[in-house]
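Below, each chain spelled out in residue letters.
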Amino acid sequence: MSKSHPSRSRSQGCLDNASTSTDCKFGTFLLKRKIPTSNPTQKLLPLQIAYRIIRPSLLDNKSKEFSSIPLVVVHGGPSLPSEYLSPLAHNNLALKNRSIIFYDQLGCGWSSIPQQDEFYGVPQMGMDLKELMCHLKKEWKVDKFHLMGHSLGGAIGYEYLKLAWRRNVQSSNNQGRNGDLEKEELPQCLSFILSNASTDFALADSERDQLYSDFIVQQHQTQHQGEISMQKNDADLQMQFFQTHICRTSAMPNELQSALNRRGKVWSSKEYQMMPCQEPSEAAKRVTCTNHFPPVMIIRGKYDFVTEACTRSWGKFLNTGLSASNFSDFQPAKSPTESMIEFKEVLMNGCAHYPHFEQPVEYARLIEEFCICNHQS
């Protein structure tokens, strides 16, 4: 396991501080897919994924403590390095007693950044996540985990869970394919948290554009009524919109600004079409998705540009038969032995797209309590 990236120095403050803390490990592994070269005599170029484990000393899944099961976090973007989610690991939040695993997807951060477009896409990122989980099980003995996907990371997590489900179906029907990765066992996902995650990225962009158009009209009307004494320029309006529907903080968070400055390879997720589970065979029809999908919690900010229209289809894709219209307050179980929550939705008032900056204490509490509720398989 590599301890440094071959092509970058650790000059970025947020990543450097986390990677060199007392209870933090930085590692990389090589993906099975590689970059072809024009020289037929030259070997394929390797691709690596970088990850950080916060509080690795807590990675003890044999412990009876439910906090020993790690939270694997999938960042959004595309190509927005995972450092913007690092505040989740702050020691003053509810997750302070849980190991958290961040990783940079291919194309950003400390991971490889190939320039070929064919290396990018939501399904490809789901396969990379599958390889990461196999690596974590082998190298770090991660047998169980909780999964959280923020924004685009929600779709990537969903694609991973479909791969895991299909693998379980194949295993149950003795249809496993040959291959090193297929022979490896995947750790068990105990819960799936979808935070500010859309099922349709083209729709999310459309909703954001519509919100911006409505915002501009409202500003002009307010200005016409004499409530604004000075003409605002486009930059001012864009910043005000950002602070209304994207990140409702008084100033740009340092971690978010750093990640935006270090954004990686530009690729589009608009072409991605989310599909429900497809049975790999006729025999698999007796095994449904709900047999293998973990309990799900959907979190959305009231002012998020990822609106209710963007999240209402999650119930359909997760085969719960539920819609995304029944937001309610989350009541955690009193102990990990209580029955698991199969499908839960939370609307966070006062938040937009980055609740871990806007209401960090409440956001971390929701995540931790949902993990505790679903400690047992």
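Keep in mind it's a predicted model, so treat the numbers as computed, not measured.

Caption draft 1: Geometry of the pairing of strand S1 (residues 24-30). Most of S1 is tucked away, with 5 of its 7 residues classed as buried. Both S1 and strand S2 (residues 48-54) contribute to a ladder of 7 bridges, which runs antiparallel. Across the sheet, Lys-25 pairs through a bridge with Ile-53, a residue of S2.

Caption draft 2: Up close: the pairing of strand S6 (residues 188-195). Burial analysis of S6 places 7 of its 8 residues in the buried class, the great majority of the element. Relative to S6, strand S5 (residues 144-150) runs parallel, the two sharing 7 bridges. Within the sheet, the bridge partner assigned to Phe-145 lies in S6 and is Cys-189. When S6 meets strand S7 (residues 296-301), the two strands line up parallel, connected through 4 bridges. Bridge assignment links Ile-193 to a residue of S7, and that residue is Met-297.

Caption draft 3: Up close: the layout of surface pockets. Considering only enclosed or pocket space, the largest pocket measures out at about 640 Å³ in volume. Together, 29 residues line the largest pocket, and Gly-77, Asp-205, Arg-208, Arg-263 and Phe-305 are the ones closest to its centre. Listing elements by their share of the lining of the largest pocket, those giving two or more residues are helix H5 (201-224) and helix H7 (254-261). With 4 residues, the top contributor of residues to the lining of the largest pocket is H5.

Caption draft 4: Just the packing of aromatic side chains, in detail. Throughout the structure, instances matching the rule amount to 11 aromatic pairs. Arranged with centres 6.2 Å apart and planes meeting at 25 degrees, the rings of Tyr-120 and Trp-267 form a pair that is stacked. Of this pair, Tyr-120 sits in the loop between strand S4 (100-104) and helix H2 (122-140) while Trp-267 is found in the loop between H7 and S7, placing the two residues 147 residues apart along the sequence. By relative accessible area, Tyr-120 is classed as buried at 6%. An aromatic cluster is present here, built from Tyr-158, Phe-293, Trp-314 and Phe-317 joined pairwise through their rings. Directly above the aromatic system of Tyr-303 lies the positively charged group of Arg-248, at a separation of 3.8 Å from the ring centroid. Sitting over the face of the ring of Phe-317, Lys-316 holds its NZ or CZ atom 4.8 Å from the ring centroid.

Rules used throughout
- Residues numbered from 1 in each chain as written.
- Predicted model: local features only at pLDDT ≥ 70, side-chain atom pairs only at ≥ 80, totals over all residues.
- Heavy atoms only, no water.
- Buried < 20%, exposed > 50% of the residue type's maximum accessible area, 1.4 Å probe, protein only.
- Helix = DSSP H or I, 4+ residues; strand = E, 2+ residues; numbered from the N terminus.
- Pairing = 2+ DSSP bridges.
- 1 Å grid on protein atoms, 1.4 Å probe; cavity = no way out; pocket = protein on both sides within 12 Å on 5 of 7 lines; lining within 4 Å.
- Points joined across faces, edges and corners; volume = space filled by probe spheres on them.
- Phe/Tyr/Trp six-rings, centres within 6.5 Å; stacked < 30°, edge-to-face > 60°.
- Lys NZ or Arg CZ within 6 Å of the ring centre and 35° of its normal.

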